[in-house]
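The residues making up each chain are set out below.
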Amino acid sequence: MSTAVKTPQQLHTEFDVYRIREDFPVLAQQVHGKPLVYLDNAATTQKPLAVIDAISHYYRCDNSNIHRGVHALSERATEAYENARGAAQGFINAADRKEIIFLRGTTEAINLVAQTYGREHVGAGDEVLITAMEHHSNIVPWQILCKQKGAKLRVAPINDRGELVLEEFEKLLGPKTKLVAVSHLSNALGTINPIKQITRMAHERGIPVLVDGAQAAPRMPVDVQDLDCDFYAVSGHKMYAPTGIGFLYGKAALLEAMPPYQGGGDMIASVTFDKTVYNRLPYKFEAGTPNIADTIGLGAAIEYLNQLGLENIEPHEAELLAYATAEVQKIPGVEVVGTAREKAGVLSFVMGEIHPHDIGTILDSEGVAVRTGHHCAQPVMQRYGIPATVRASFGLYNTREEVDALVRGIRKVKEVMG
Amino acid sequence: MSELRELYQETILEHSRKPRNFGELPSASHKAEGYNPLCGDHYTIFVNLKDGAIDDIRFNGAGCAISKASASMMTQSLKGKTESEAEEIFSRFHDLVTGQQNGTDNLGKLAVFAGVSEFPLRVKCAALAWHALRAALRGDQQAISTE
Ligand SMILES: Cc1ncc(COP(=O)(O)O)c(C=O)c1O
């Protein structure tokens, strides 16, 4: 055996990205005559065949309503749907499958908590604490709640690197704080927040913590019991599953005590005109016929991720991010926005006077898909005094060659814009 | 590449770097804001109307090269024009950037924006200042938005 130091590529030989790319039919195309380089994964990810096939199979063979029919199709559909719940439970290591509520995604999950737990526990003069790096989805539901209740939204600051200032965060935890809501991984900056420390600080004061896991779930192993968060919100479409499906994790004791979010079928045990008895968890929060097909697609995506292993995906993306960061910083005039020491998946940058929108158009002409704009995080842009950034965000199927294409594209920007 | 060169013509880049009639017009009789929430482009157009004609026109704000150059060249091309002439030029400019017009008759220097029609996502950028101008002339108080 050779004792030579292994290169990162050798270390991840079991993670054969070129083989894996074949699982994603959309990647094998040209745009504007150039191979597609898809670097907009923080907005949404592409779907593997396993997911596309699972949805197609469901509609071809098993389509039926769940939890109500006595016939074979309904039984198969129900089983596939509930298997997806088991997959989601395992994916984030929830203690019980009833702690997984299927919803449209992170946005709906946060709104649910705001309008159920929040409405019951946040009163006039109380406070909800968020951070300065949140997505609009983790700001606006709290603003609505605070307005309804006469409560106050407090915002913990970030430093110039884009890291949460923990001392300031801790100072803002007071007797009036009724809830903390914080992202696990910032979509605009890539910052990973120290969730365990945050939950410890909050719990010492009896305050529950909601974690926005939209960007973390596809990028790192998540263990909600280890994090000890009270709520965790996930979007399927950012983790290689279909759009329109995601889930909320909540500790059973909290979910049990919460009022329902919406009323309708499936969420009740019995109804008379005098009185309705709500169904048990998790069905209490799943009113109406759910998005069955996409939930099954989510189950397939989780299975796919389990096969590849997030413990392999995480270092692969970390290596791409490190390589991309080093390469773009070699280009004079490029400034990276968000340089947290704990960071993943996202490379935001600006180029002096050249507007991100122009950069995006020129990169697109080279086949490179990035996001430009404020990334639904306008307060982050305000923090840095910029209107927008260019954001390249990585997925499990991206390669070093694609980073090279991004870098060539950026050089092209300089050439065109002078 | 040639389509990109068509879009980012030297004249456009030059105007985006050194916009003309840039700044506030404190004496403006009309003004309006234009905002593109998608990319954050944000301009204010100031107009001084005198006897139905644009006596002076200025703008300030920030945005991409296309929107800024368009605003700059708009101010140049509209100075001295009547309201109805301005409407007419906007309508022809709009046809140009949306590819509904082949010729560039009467558009003068504005013809450099023909390349925008190959980039449908950028039409809003090219038209932003013009929509704001129209709002200003009509006396709309609300900031206009492209969304
Ligand atoms: C950090 C973060 N939170 C929340 C969301 C909202 O997710 P969705 O639109 O899937 O509900 C996003 C998506 O952009 C995100 O990146």
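None of these values were measured; they are calculated from a predicted model. Counting restarts for each chain, with residues numbered from 1 along the sequence as it is written. The lettering of chains begins at A and the numbering of ligands begins at 1, in the order of writing. In view of the model being predicted, local features appear only for residues whose pLDDT reaches at least 70, and side-chain atom pairs are presented and counted only at 80 or more, with totals across whole chains, interfaces and linings using the full set of residues. Note that the side-chain values use all heavy atoms of the structure and ignore hydrogens as well as water.

### Section: the overall build of chain B
- Each helix and strand counted, chain B has 5 helices and 4 strands in total.
- Listed by position from the N terminus, the elements making up chain B come as α-α-β-β-β-α-α-α-β.
- Looking at chain B as a whole, 48% of its 147 residues are labelled buried.
- In chain B, the share of contacts with a sequence separation of at least 24, taken over all contacts with a separation of at least 6, comes to 56%.
- Per-residue and other accessible areas were derived by the Shrake-Rupley procedure at a 1.4 Å probe size, with only the shown protein chains allowed to occlude residues. Summing over all exposed atoms, chain B offers an accessible surface of approximately 6,700 Å²; the carbon and sulfur share of this is 46%.
- The charge count treats Lys and Arg as positive and Asp and Glu as negative. His and the chain ends do not count. Charge positions are represented by NZ for Lys, CZ for Arg, CG for Asp and CD for Glu. Here chain B carries 16 positive and 19 negative side-chain charges, and the mean point of each set is 6 Å from the other. Strands here are runs of E lasting at least two residues and helices are runs of H or I lasting at least four, both read from the DSSP assignment and numbered beginning at the N terminus. When accessible area is computed with a 1.4 Å probe and restricted to protein chains, residues below 20% of their type maximum are described as buried, those above 50% as exposed, and intermediate ones as partly exposed. Contacts were defined at the residue level, with two residues in contact if any of their heavy atoms lie within 4.5 Å.

### Quick notes on the overall build of chain A
- Broken down by element type, chain A carries 15 helices and 17 strands.
- Here chain A has a C-alpha radius of gyration of 22 Å; the compact-globule value for 418 residues is 22 Å, and the two agree.
- Viewed in the frame of its principal axes, chain A has a C-alpha envelope of about 75 × 55 × 45 Å.
- Of all 418 residues assigned to chain A, the portion counted as buried reaches 58%.
- Considering only contacts within chain A whose residues lie at least 6 apart along the sequence, 72% involve residues at least 24 apart.
- Surface accessibility of chain A: about 17,100 Å² in total, with carbon and sulfur atoms responsible for 52%.
- Across chain A, the centroid of the 41 positively charged side chains sits 4 Å from that of the 49 negatively charged ones. We compute the radius of gyration over the C-alpha atoms and compare it with the globule rule, which gives 2.2 Å times the number of residues raised to the power 0.38.

### Brief notes about the site of the ligand
Residue and element names in this part refer to chain A.
- Residue proximity to a molecule or strand is established when one non-hydrogen atom of the residue lies within 4 Å of it. Within the structure, the ligand sits among Thr-106, Thr-107, His-135, Ser-137, Asn-187, Asp-212, Ala-214, Gln-215, Ser-235, His-237 and Lys-238.
- N or O atoms closer than or at 3.5 Å make up a polar contact, with two conditions inside protein: a donor-capable atom paired with an acceptor-capable one, and, for residues adjacent in sequence, both atoms drawn from side chains. In the model, an oxygen atom of the ligand is placed 2.7 Å from a nitrogen or oxygen of the Gln-215 side chain.
- Contact distances for the ligand include 2.7 Å between an oxygen atom and a side-chain N or O atom of Lys-238.
- Look at the ligand: alone it shows 390 Å² of surface, and the protein chains cover 84% of it.
- The residue classification treats Ala, Val, Leu, Ile, Met, Phe, Trp, Tyr, Cys and Pro as nonpolar and Asp, Glu, Lys and Arg as charged. All others, Gly included, are polar. Split by residue class, the shell around the ligand holds 1 nonpolar, 8 polar and 2 charged.

### Regarding the confidence of the model for chain B
Residue and element names in this part refer to chain B.
- Per-residue confidence from the predictor is given as pLDDT, running between 0 and 100. Of the residues in chain B, 93% reach a pLDDT of 70 or more, and the chain-wide mean stands at 91.
- No element of chain B has a lower mean pLDDT than strand β4 (residues 144-145), which averages 72, and none a higher one than helix α3 (residues 65-78), which averages 97.
- As a predicted assembly, this complex carries a pTM of 0.93 together with an ipTM value of 0.89.

### Observations regarding the sheet that holds strand β2 (residues 41-50) of chain B
All names here are of chain B.
- Strand pairing follows a simple DSSP-based rule, namely that at least 2 bridges must link the two strands. What the 4 strands build is an open sheet, ordered β3-β2-β1-β4; its pairing is mixed. Looking at which strands have only one partner, the edges of the open sheet turn out to be β3 (53-62) and β4.
- Taken together, the 9 bridges between β2 and β3 define a ladder with antiparallel strand orientation. Residue pairing for β3: Lys-50 is matched across the bridge by Ala-53.
- Axis definition: a line fit to C-alpha positions, over the contact stretch in the case of helices; interaxial angles, taken between N-to-C directions, run 0 to 180 degrees. Across the sheet, α3 is in contact with β2 and β3; its angle to β3 comes to roughly 165 degrees.

### Examining the domain arrangement of chain A
All names here are of chain A.
- Residue ranges assigned to the domains are those given by an automatic or database domain assignment. Once the domains are mapped, chain A shows domain 1 (8-31 + 310-417) and domain 2 (51-307).
- Just the C-alpha atoms count here: the centres of domain 1 and domain 2 sit 28 Å apart.
- Contacts between domain 1 and domain 2 engage 36 residues on the former and 30 residues on the latter.
- Throughout, buried area stands for the accessible area (probe radius 1.4 Å) lost by two parts on being put together, summed over both. For the pairing of domain 1 and domain 2, the buried interface totals around 2,700 Å² over both sides, and the portion due to carbon and sulfur atoms is 55%.
- It is Leu-310, Cys-376 and Arg-383 that lose the most area in domain 1 upon contact with domain 2, and together they represent 22% of the buried surface on that side.
- Think of a salt bridge as a Lys or Arg side-chain nitrogen and an Asp or Glu carboxyl oxygen that are within 4 Å of each other. Summed over the shared surface of domain 1 and domain 2, the number is 3 salt bridges.
- We note a salt bridge from Arg-219 to Glu-317, for which the minimum N-O separation is 3.2 Å.
- The interface formed by domain 1 and domain 2 includes 20 residue pairs in polar contact (both at pLDDT 80 or more).
- Listed by contribution, the elements that provide at least two residues to the side of domain 1 that touches domain 2 are α12 (310-329), β14 (346-350), α14 (378-384) and β17 (389-393).
- Considering each element in turn, the side of domain 1 that touches domain 2 owes the most residues, 6 residues, to α14.

### Description of helix α2 (residues 10-17) of chain B
- What α2(B) keeps buried is the set Ile12(B), Leu13(B), His15(B) and Ser16(B). Along the axis of α2(B), the buried residues cluster in a sector spanning 165 degrees; they form a single face.
- For α2(B), the secondary structure elements touched by its buried residues are α15 (400-417) of chain A together with α1 (2-7) and α3 of chain B. What the arc describes is the spread of directions from the helix axis to the C-beta atoms.

### Structural notes on the pattern of salt bridges
All names here are of chain A.
- Taken as a whole, this structure holds 33 salt bridges over all chains when the rule is applied.
- As a salt-bridge pair, Asp-126 and Lys-178 come within 3.0 Å of each other at their nearest N and O atoms. Taken together, the residues span a long stretch of sequence, with Asp-126 in the loop between α5 (106-121) and β5 (127-131) and Lys-178 in strand β7 (residues 177-183) at a distance of 52 residues.
- Asp-126 sits in the buried class, given a relative accessible area of 12%.
- Overlapping salt bridges bring together Glu-82, Arg-85, Arg-97 and Glu-286 as one network.

### Quick word on the nonpolar core
- In this structure, Phe169(A), Val180(A), Tyr232(A) and Leu396(A) are the most contacted members of the largest nonpolar core, which totals 79 residues.
- Looking at this core element by element, the count peaks at 10 residues for helix α11 (residues 292-308) of chain A.
- Viewed by domain, this core spans two of them, domain 1 (8-31 + 310-417) and domain 2 (51-307) of chain A, each represented by three or more residues.
- In contact with Leu396(A), not counting residues within four places along its chain, are Phe15(A), Val17(A), Ile20(A), Phe24(A), Tyr240(A), Leu305(A), Leu308(A), Ile313(A), His316(A) and Glu317(A).
- For the purposes of this section, nonpolar cores are sets of buried Ala, Val, Leu, Ile, Met, Phe, Trp, Tyr and Cys residues that join through side-chain atoms within 4.5 Å. In this structure, Val390(A), Ile66(B), Cys125(B) and Ile144(B) belong to the second largest nonpolar core, which totals 75 residues.

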